[in-house]
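Single-letter residue listing:
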Amino acid sequence: MDISGVIDYLIGFTIMAIIYAIFALGLNVHWGFTGLFNIGIAGFFALGAYTAALLTSPPPDPDQFEDFIFGGDLANQGLLDLGVDAWFFLGLAAAAVVCGLVALIVGTITLRLNDDYLSIATLGIAESVRFFFLNEKWAANGSKGLYRIPKFLGDVVAPENYDYLYVVVALVILLILFAAVQRAVRSPWGRVLRAIREDEVATAASGKNVFHFKLQSFVFGAMIMGIGGALFAHHVRFLSPLTFDPLLATFVIWAMLMVGGSGNNLGAVLGAFVVWGVWAGTQFLPGVFSDPSFRLLMIGVLIVAIMLLRPGGLLGEWRRIVASRPASAAARDSTDPG
Amino acid sequence: MTDSSPILQVCNVTKDFGGVRAVDRCTLDVMPGTITGLIGPNGAGKTTLFNLAAGDLSPTSGQILFDGMVISGLQPHQTFSRGLMRTFQIPRELRRMTVLENLMLVPARQSGERLWSTWLTPWKVARQERQIQARALDVLELVNLSHLANELAGNLSGGQKKLLELARTLMAKPKMVLLDEPGAGINRTLLRDLSANIVRASVERNVTFLIIEHDMRFVMTMCDPVIVMANGSVISEGTPSAIQRDPQVLEAYLGGRISGPA
Ligand SMILES: Nc1ncnc2c1ncn2[C@@H]1O[C@H](COP(=O)(O)OP(=O)(O)OP(=O)(O)O)[C@@H](O)[C@H]1O
Ligand SMILES: [Mg+2]
């Protein structure tokens, strides 16, 4: 591989790491800040990806896909003649909205109940979405999948340079989402979520409607995941239900948050890059070591190592430190670190 | 204090846990502005009664009224917003949050609790945060925990956690506070400060207190009237000195002597 090949590879790697970082941010809202045990990230991943893809894809070629019935393409059928590039952004928004709505419905049903119900429900979402797109061929071509999902600004940029554009697009979206999540969790809203994570009964005794805040957290996190799914669709440009298996669409994201530091947004992003680095890097190992099962095992080893050496993850949870009162407090207690 | 109708009315309330009847046709009134004591042997049903009033449990039968309105069956955040606050016998501090954050959580209707406000009007949120923080620091000073403002609440000692429970109630503006053994594990000097804080809140802000406490010296000096529970119902009620002379009360404590004020 020559040097430009290496750079191309690294760009591709970075795009995937950024997309995973977005999922890790979403999971951080759920688990890191609220303690919502979402073990069906793959469901929102797939919903976001398919929503964006269906809104922007040209109709599949009937000669190529025999059992094609419906291929999406609201954009090119003149429903709203905005062109693919505007639909890219509408696709992102729609992915967020669809995931948010599903989270709203499922959360309304399960979040009043015992925590276990939410976990089972998220798992249920993931499997239902997968089976839906597998069995309902009219929706997205079944197991044969959706091909040729359009590129954002694909007419403007030469194919060989496309990833250079896309990495910037993905990075900008990551930064916006990062800023939004950071602002939210460091405000009183996030304080209520962390209180819920610590003790729901105590939070309610402090006057907070625990159910409402949990619901908001669940919907917000799911919307972020939807955007991640949409970005993924326009990057790999091919989706099939098999893309969203629990290992690469749920487990790996959990690994990222655990490794980077649950409850720390920078940690979530860092964890995404580290774990995706391990996953991508191990494919170059010789022989049996490049087998996916071995590569997943390496991620498992990494998690165990982190749990033993740095239980809070690479970056622990952030804590707001407030300067103590200058005169009275400091005078009374000279050992005060403030 | 001229108000003559009770602020809290427990009407014939029963609570069963499976076969255990924790509260048994209990009826009691708490008058506004008072510091009322609630005593009784272990397992008498005192904490369960708090859980019922605050909305952490709902009664098997009977009704609880607060300020003339039925509150039994409401959620805890709903009783809170009606002005009823409680503390926990076993402190429920938010472990991985700082002491200051534990307090800053409490004030109601913070603009920064709305997700969109955190993005659209961050300056407003920040301004309110500064006010709430200043108030929390004041409250910490009242309960002598200022030096621990930045400590994780999970690292506090047992007594400090109890003080934090009390501090929580000073962060809001409740009409009535239910304190579950506020003095347990707190040394004499701090206990005096704690009593002073309760009296001040009672006098200056007209907060009504219902206090469960096993420390008889504390109850007999602080509380009037005192209500005595045993086996889930009220067995006696009156001034501290009347309670101490009541043979039924003495018997409920298995012949144990209730020591008077020092
Ligand atoms: N959640 C519960 N499930 C089952 N039984 C309970 C529950 N809560 C309380 N009880 C039972 O109800 C009875 C009353 O308990 P409660 O905690 O109200 O007593 P208490 O008066 O507060 O006692 P103490 O002074 O020891 O705190 C006890 O027999 C207790 O075992
Ligand atoms: Mg008790």
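Residues numbered from 1 in each chain as written. Chains lettered and ligands numbered in written order. Predicted model: local features only at pLDDT ≥ 70, side-chain atom pairs only at ≥ 80, totals over all residues. Heavy atoms only, no water.

Caption draft 1: Structural detail: the overall build of chain B. Looking only at helices and strands, chain B features ten helices and ten strands. Its C-alpha atoms give chain B principal-axis dimensions of roughly 60 × 40 × 40 Å. Each of the 262 residues in chain B was classed as buried or not, and the buried ones make up 55%. Here the analysis covers contacts within chain B between residues at least 6 apart in sequence; of these, 66% occur between residues at least 24 apart. Summed over its atoms, the accessible surface of chain B is roughly 11300 Å², and 51% of this surface lies on carbon and sulfur atoms. The positive charge centre, built from 27 side chains, and the negative charge centre, built from 24, are 5 Å apart in chain B. (Helix = DSSP H or I, 4+ residues; strand = E, 2+ residues; numbered from the N terminus. Buried < 20%, exposed > 50% of the residue type's maximum accessible area, 1.4 Å probe, protein only. Contact = heavy atoms within 4.5 Å. Areas by Shrake-Rupley, 256 points an atom, 1.4 Å probe, with all protein chains shown as cover. Lys, Arg positive; Asp, Glu negative; His and termini not counted. Charge placed at Lys NZ, Arg CZ, Asp CG, Glu CD.)

Caption draft 2: Spatial organisation of the nonpolar core. Ranked by size, the top nonpolar core spans 106 residues in total, and within it Tyr20(A) and Leu239(A) carry the most contacts. In terms of residue count, the dominant contributor to this core is helix α1 (residues 3-33) of chain A (16 residues). Apart from the residues lying within four places of it in its own chain, the contact partners of Tyr20(A) are Phe45(A), Leu248(A), Val252(A), Ile253(A), Met256(A), Ala272(A) and Trp276(A). By size, the runner-up hydrophobic cluster in this structure holds 49 residues, among which are Ala136(B), Val143(B), Ala153(B) and Leu156(B). (Core = buried A, V, L, I, M, F, W, Y, C linked by side-chain atoms within 4.5 Å.)

Caption draft 3: Region of the structure containing the interface of chain A and chain B. Contacts between the two partners involve 36 residues from chain A and, on the opposite side, 40 residues from chain B. Between chain A and chain B, a total of about 3500 Å² is buried, with carbon and sulfur atoms accounting for 55% of that surface. In this assembly, chain A and chain B are joined by five salt bridges. Put simply, Lys208(A) and Glu113(B) hold a salt bridge, and the shortest N to O gap is 2.8 Å. Linking chain A to chain B there are 15 residue pairs in polar contact (both at pLDDT 80 or more). Among the elements that make up the side of chain A that touches chain B, the one with the highest residue count is helix α7 (residues 188-198) of chain A (eight residues). Class assignment for the residues of the side of chain A that touches chain B results in 15 nonpolar, seven polar and 14 charged. (Buried area = accessible area lost by both parts, 1.4 Å probe. Salt bridge = Lys/Arg side-chain N within 4 Å of Asp/Glu carboxyl O. Polar contact = N/O pair within 3.5 Å; in protein donor to acceptor, adjacent residues only side chain to side chain. Nonpolar A, V, L, I, M, F, W, Y, C, P; charged D, E, K, R; others polar.)

Caption draft 4: Summary view of the sheet that holds strand β6 (residues 84-86) of chain B. All names here are of chain B. If you trace the six strands from one edge of the open sheet to the other, you get β6-β7-β8-β3-β9-β10, paired in mixed fashion. Each of the sheet's edge strands pairs with one partner strand only, and the pair in question is β6 and β10 (233-238). Going from strand to strand, the sheet's axes swing by 20° on average, the running direction of each strand aside. Where β6 lies against strand β7 (residues 176-180), three bridges are found, and the strand directions are parallel. Bridging from a neighbouring strand, Leu84 pairs with Met176 of β7. Packed on one face of the sheet, helix α6 (residues 158-171) meets β6 and β7 and runs near 170° to β7. (Pairing = 2+ DSSP bridges. Axes fitted to C-alpha atoms, helices over the stretch in contact; angles between N-to-C directions.)

Caption draft 5: Main features of the packing of helix α6 (residues 162-185) of chain A against helix α11 (residues 265-281) of chain A. Residues and elements named next belong to chain A. Here α6 crosses α11 at 145°, and the two axes come no closer than 10 Å. Mapping the contact onto sequence places Leu174, Phe178, Val181, Gln182 and Val185 in α6 and Asn265, Leu266 and Val269 in α11. Class assignment of the residues belonging to the contact of α6 with α11 gives a composition of six nonpolar, two polar and no charged.

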